[in-house]
Amino acid sequence: MDAHQMRLFEFKLEEIYNRTEWLQYELPLQDFISRFVIEYKDDIPQRPEMPEDPDLDRDTKLAVLVAFREAFS
């Protein structure tokens, strides 16, 4: 696991959190970040599963996937 890539992903999640006002009312920042667990398969990071709670809107889900791609590619 590359700590730099993980930190970059967390930073991008923080940016998403800060610009999505309704998320700030739903849960704290660290809870939001902890919902996106990165698992590795054959030393390759796998896309995180989207959490069931809170139910993220389409734009937020896409932003998380873009953040993952930018951090781990």
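Residues numbered from 1 in each chain as written. Predicted model: local features only at pLDDT ≥ 70, side-chain atom pairs only at ≥ 80, totals over all residues. Heavy atoms only, no water.

### Describing the packing of aromatic side chains
Argument step 1. On inspection of all chains with the given rule, the structure shows five aromatic pairs.
Argument step 2. Where Tyr 17 meets Phe 32, the ring centres are 5.8 Å apart and the plane angle is 35 degrees; that geometry is what we call tilted. Highlighted residues: Tyr 17 in helix 1 (residues 3-19) and Phe 32 in helix 3 (residues 29-34), separated in sequence by 15 residues.
Argument step 3. Aromatic pair Phe 68 and Phe 72: ring centres 5.0 Å apart, planes at 35 degrees, arrangement tilted. (Phe/Tyr/Trp six-rings, centres within 6.5 Å; stacked < 30°, edge-to-face > 60°. Helix = DSSP H or I, 4+ residues; strand = E, 2+ residues; numbered from the N terminus.)

### Quick notes on the pattern of salt bridges
Argument step 1. Tallied over the full model, the rule gives two salt bridges.
Argument step 2. With its nearest N and O atoms 3.5 Å apart, the salt bridge here joins Glu 10 to Arg 7. Note that Glu 10 and Arg 7 are positioned in helix 1 at a spacing of three residues, about one turn of the helix.
Argument step 3. Of the residues examined, Glu 10 reaches a relative accessible area of 27% and is grouped as partly exposed.
Argument step 4. We classify Arg 7 as partly exposed; its relative accessible area is 46%.
Argument step 5. With a closest N to O distance of 2.9 Å, Glu 70 and Lys 12 form a salt bridge. Separated by 58 residues along the polypeptide, Glu 70 in helix 4 (residues 58-72) and Lys 12 in helix 1 bring together distant segments of the chain.
Argument step 6. You can call Glu 70 partly exposed: its relative accessible area is 45%. (Salt bridge = Lys/Arg side-chain N within 4 Å of Asp/Glu carboxyl O. Buried < 20%, exposed > 50% of the residue type's maximum accessible area, 1.4 Å probe, protein only.)

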